[in-house]
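Okay, here's what each chain looks like letter by letter:
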Amino acid sequence: GDGGFCHIDQNNPLIQVTSFTGTSLSVSQNGGKSFGSFFNFGGGSFINPTDYDNNSGVFYAGFSDGAILRWAGLGAGRQDADLVFGFQGVVTAVTTAPNTADRVWIGLRSRGTGTSIAYIDGAASAAPSVVTLTPPADMFPGAPTHRESCDHRMGGCSGCLPGELNPSGDCG
């Protein structure tokens, strides 16, 4: 089939989320025994990049040009979902930061500006702050996937995020 991404809450493994085409999501709240909740938010790419913040319980997904879907209260209903804007391009990767609470990294591709990387601080808050970084031209957008080392921050790229774009060096 047309599988996508799946997530198991690391703090509460009873919560599991599967994603597939066009931001369609299924939620299990009983450890995967059943997936009683199905939501089709539409939008985005055929398979949208996603991630789940185990600490805040918020799910993030690529959605449309310049926006990601943010969904709190999984399974409670669509009313708990909204969009975060503030960057340009198609979302190609999404990852929650392992060392900085409430931060989400996003890989972007834009026809006009090429590739870039953005992060959202206060991602689950009412007033998230978006910062866009521009990597060297020979990199394609990705998000941090290797959580064990800052040297591998950009697992979806041809190299790691250059130090000048990450002065803190904390993988946040």
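Above: the structure in question.
Residues numbered from 1 in each chain as written. Predicted model: local features only at pLDDT ≥ 70, side-chain atom pairs only at ≥ 80, totals over all residues. Heavy atoms only, no water.

**Regarding the sheet that holds strand β10 (residues 103-110)**
Under the convention used in this document: DSSP-based pairing: two strands are paired if at least 2 bridges between them are found. In this text, helices come from DSSP runs of H or I with a minimum length of four residues, and strands from runs of E with a minimum of two, each type numbered from the N-terminal end. Angular values range over 0 to 180 degrees, each being the angle between N-to-C directions of two axes fitted as lines to C-alpha atoms, with helices fitted over their stretch in contact.
Sheet architecture is open: four strands sit in the order β9-β10-β11-β12, paired in antiparallel fashion. What marks the edges here is a single partner per strand, and that holds for β9 (90-96) and β12 (129-133). Within this sheet the neighbouring strands show an average axis-to-axis angle of 25°, counted without direction. As paired elements, strand β11 (residues 114-121) and β12 share five bridges and run antiparallel to each other. When the sheet's bridge partners are listed, Ala118 is paired in β12 with Thr132.

**Remarks on the pattern of salt bridges**
Condition: Salt bridges are defined by distance alone: a side-chain nitrogen of Lys or Arg within 4 Å of a carboxyl oxygen of Asp or Glu. Throughout this description, buried means an accessible area under 20% of the type-specific maximum (1.4 Å probe, protein chains only), exposed means over 50%, and partly exposed covers the range between.
With the rule as written, the count across this model stands at two salt bridges. A salt bridge links Asp82 to Arg70; the nearest nitrogen and oxygen atoms lie 2.6 Å apart. Of this pair, Asp82 sits in strand β8 (residues 81-85) while Arg70 sits in strand β7 (residues 67-72), and the two are twelve residues apart along the sequence. Note on Asp82: relative accessible area 32%, which makes it partly exposed. We classify Arg70 as buried; its relative accessible area is 10%. The residue Asp121 makes a salt bridge to Arg103 at a minimum N-O spacing of 2.6 Å. With Asp121 in strand β11 and Arg103 in strand β10, this pair connects stretches of sequence that are 18 residues apart. Take Asp121: its relative accessible area is 27%, and that puts it in the partly exposed class. On the basis of relative accessible area, Arg103 is assigned to the buried category, the value being 13%.

**Thoughts on the sheet that holds β7**
Reading across the sheet, the four strands line up as β5-β6-β7-β8 and stay open at both edges, with antiparallel pairing between neighbours. The two strands at the open ends of the sheet, each matched to only one other strand, are β5 (50-53) and β8. Strand-to-strand twist across the sheet, computed as the mean angle between neighbouring axes with direction ignored, equals 30°. Two strands pair when backbone bridges link them, and β7 and β8 are joined in this way by five bridges, in the antiparallel orientation. Bridge pairing in β8 links Trp71 to Ala81.

This is a description of form; function is not addressed.
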